[in-house]
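Here is what each chain is made of, one letter per residue.
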Amino acid sequence: MKPYFQTDTITLFHGDCRDHLLGLPSESVDVLLSDPPYGMAYEAKGRSGAAIRADGSRQGMRVFRQALTSAGHALKPDMHAFVFCHWESWPDFYDAASAHLRIKGALMWWKARGGMGDCAASFAPDYEVVLHGAGPKRRPLAGKRHGAVLAGYPPVPARARTHPTEKPVNLLAYLVERSCPAGGLVLDPFAGTGATLVAAQQLGRRAVGVELEERYCEAAARRLEAGGAALRRAA
Ligand SMILES: C[S@@+](CC[C@H](N)C(=O)[O-])C[C@H]1O[C@@H](n2cnc3c(N)ncnc32)[C@H](O)[C@@H]1O
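Here the structure is a predicted model, which is why all the values come from computation and not from measurement.

**Things to note about helix 3 (residues 90–98)**
Okay, so step 1: Residues of helix 3 that are buried include every one of Phe93, Ala96 and Ala97, and no others. Buried residues of helix 3, viewed axially, fall in a sector of 95°; they line one side.

Below, the structure written as structure tokens:
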């Protein structure tokens, strides 16, 4: 299938990942890094006003399970996987991911700022869960052992976001750098506006992403064009 955007190292497909992942070469993916629809019927407030496709509580989980099935043949035996989840739906993500991966643990992305909910009678939901899984063959992470709390990666401010649940590129770059060998391939089946692809581009890793909504593909392509130009200027 024709990519929506492509460079030597980065490929973005517009469409349903459950179709596109079937075409990936066998045992080609070193890292699955993804932020699937959380299954929380997310409704963005404010300027973007956009709901996330496939984000109904059961639908999000079904899409994630099916994506893993479509990608199964493409995962290297020594791959690592990172999957962002909401605190309420992570047990379902754990079950879905366990069918394909050895779950190694959960990381906490500490966002250092509150969130919505019952402000007077609950603790602030100032974190997101990131499940860490791996293939059957062990491959060490790069560098010395770190703790599971990911702090120092502030959320993208609302005014700067191109996607309602956009993740900070430096957080994704940290995960890619620790888990993906030089020249390795990162896969993001739910690419949104391409934060994972931009992180891979900055680190000189290869990456494949798939995104269902064309407006997000457009934004991702713009970011990747700009990122490529900045790297060329710096070279
Ligand atoms: C939580 S968002 C990812 C945001 C991304 N991490 C970013 O920083 O921009 C999930 C994305 O998955 C997309 N999506 C939902 N179902 C999909 C499918 N079947 N195939 C590909 N993308 C899908 C949605 O359109 C949405 O942009």
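**Considerations on helix 5 (residues 195–203)**
Okay, so step 1: Of all nine residues in helix 5, seven are buried, a share of seventy percent or more.
Okay, so step 2: Along helix 5, the residues that are buried comprise Ala195, Thr196, Leu197, Val198, Ala199, Ala200 and Gln201.
Okay, so step 3: Contacts made by the buried residues of helix 5 are with strand 2 (10–14), strand 3 (29–34), helix 4 (169–179), strand 8 (185–188), strand 9 (206–211) and helix 6 (214–234).
Okay, so step 4: Positive phi shows up at Gly204, right after helix 5, with a value of about 75°.

**Things to note about the site of the ligand**
Okay, so step 1: Around the ligand lies a shell of 24 residues, among which Cys17, Asp35, His163, Thr193 and Glu211 are the nearest.
Okay, so step 2: In this structure, His163 approaches the ligand through a side-chain N or O atom, which is 2.8 Å from an oxygen atom.
Okay, so step 3: In the complex, the protein chains occlude 99% of the 620 Å² of accessible area that the ligand would expose alone.
Okay, so step 4: Residue composition of the shell around the ligand, grouped by class: twelve nonpolar, five polar and seven charged.

**Concerning the packing of helix 4 against helix 5**
Okay, so step 1: Close contact between helix 4 and helix 5 brings their axes to 8 Å; oriented N to C, the two are set at 60°. Looking at the two axes, helix 4 sits oblique to helix 5. Taken as a pair, helix 4 and helix 5 cross one another with a handedness that is right-handed. In this structure, helix 4 contributes Val169, Leu172, Ala173, Val176 and Glu177 to the contact, and helix 5 contributes Ala195, Thr196, Val198, Ala199, Gln202 and Leu203.
Okay, so step 2: When its residues are assigned to classes, the contact of helix 4 with helix 5 shows eight nonpolar, two polar and one charged.

**Regarding unusual backbone geometry**
Okay, so step 1: In this structure, Glu27 is a non-glycine residue whose phi angle is positive, near 45°.
Okay, so step 2: The residue Glu27 is located in the loop between helix 1 (17–20) and strand 3 in this model.
Okay, so step 3: Given the relative accessible area of 48%, Glu27 is considered partly exposed.
Okay, so step 4: We note that Ala112 has phi near 60°; this positive angle belongs to a residue other than glycine.
Okay, so step 5: Assignment of secondary structure puts Ala112 in the loop between strand 5 (102–110) and strand 6 (127–134).

**So, a nonpolar patch on the surface**
Okay, so step 1: A cluster of nonpolar residues, Trp87, Trp90 and Tyr94, forms a patch on the protein surface that exposes about 310 Å² of accessible area.
Okay, so step 2: Mapped onto the fold, Trp90 is located in helix 3.
Okay, so step 3: The class of Trp90 is partly exposed, set by a relative accessible area of 35%.

**Regarding the pairing of strand 5**
Okay, so step 1: Bridge count between strand 5 and strand 6: eight bridges; the pairing is antiparallel. Bridge pairing in strand 6 links Ala106 to Leu131.
Okay, so step 2: When strand 5 meets strand 7 (residues 149–150), the two strands line up parallel, connected through two bridges. Across the sheet, residue Met108 finds its bridge partner in strand 7, namely Val149.

**Here we look at the nonpolar core**
Where a protein is soluble and globular, its nonpolar side chains tend to be buried together.
Okay, so step 1: Ranked by internal contacts, the top residues of the largest apolar core, which has 33 residues, are Leu33, Phe84, Leu150 and Val186.
Okay, so step 2: Broken down by secondary-structure element, the contributors of at least two residues to this core are strand 2, strand 3, strand 4 (75–85), strand 5, helix 4, helix 5 and helix 6.

**What to know about the packing of aromatic side chains**
Okay, so step 1: Throughout the structure, instances matching the rule amount to four aromatic pairs.
Okay, so step 2: On the numbers, 5.0 Å between centres and 45° between planes, the contact of Phe64 with Phe93 is tilted. Remark: Phe93 occurs in helix 3 and Phe64 occurs in helix 2 (residues 57–71); sequence separation between them is 29 residues.
Okay, so step 3: Residue classification places Phe93 among the buried residues on the basis of a relative accessible area of 0%.
Okay, so step 4: On the basis of an interplanar angle of 40° and a centroid distance of 5.8 Å, the ring pair of Tyr153 and Tyr174 is categorised as tilted. Highlighted residues: Tyr153 in the loop between strand 7 and helix 4 and Tyr174 in helix 4, separated in sequence by 21 residues. By the burial criterion, Tyr153 is buried, and Tyr174 matches it.
Okay, so step 5: Taking the ring centre of Phe84 as reference, the NZ or CZ of Lys167 above it sits at 5.6 Å.

Basis of the calculations
- Residues numbered from 1 in each chain as written.
- Predicted model: local features only at pLDDT ≥ 70, side-chain atom pairs only at ≥ 80, totals over all residues.
- Heavy atoms only, no water.
- Buried < 20%, exposed > 50% of the residue type's maximum accessible area, 1.4 Å probe, protein only.
- Helix = DSSP H or I, 4+ residues; strand = E, 2+ residues; numbered from the N terminus.
- Arc of directions from axis to C-beta.
- Contact = heavy atoms within 4.5 Å.
- Near = heavy atom within 4 Å.
- Polar contact = N/O pair within 3.5 Å; in protein donor to acceptor, adjacent residues only side chain to side chain.
- Areas by Shrake-Rupley, 256 points an atom, 1.4 Å probe, with all protein chains shown as cover.
- Nonpolar A, V, L, I, M, F, W, Y, C, P; charged D, E, K, R; others polar.
- Axes fitted to C-alpha atoms, helices over the stretch in contact; angles between N-to-C directions.
- Parallel < 35°, antiparallel > 145°, perpendicular 65-115°, else oblique.
- Left-handed = near helix turned anticlockwise from the far one by under 90°.
- Patch = residues over 30% accessible without salt bridge, like charges linked within 9 Å, V, L, I, M, F, W, Y side chains within 5 Å.
- Salt bridge = Lys/Arg side-chain N within 4 Å of Asp/Glu carboxyl O.
- Pairing = 2+ DSSP bridges.
- Core = buried A, V, L, I, M, F, W, Y, C linked by side-chain atoms within 4.5 Å.
- Phe/Tyr/Trp six-rings, centres within 6.5 Å; stacked < 30°, edge-to-face > 60°.
- Lys NZ or Arg CZ within 6 Å of the ring centre and 35° of its normal.

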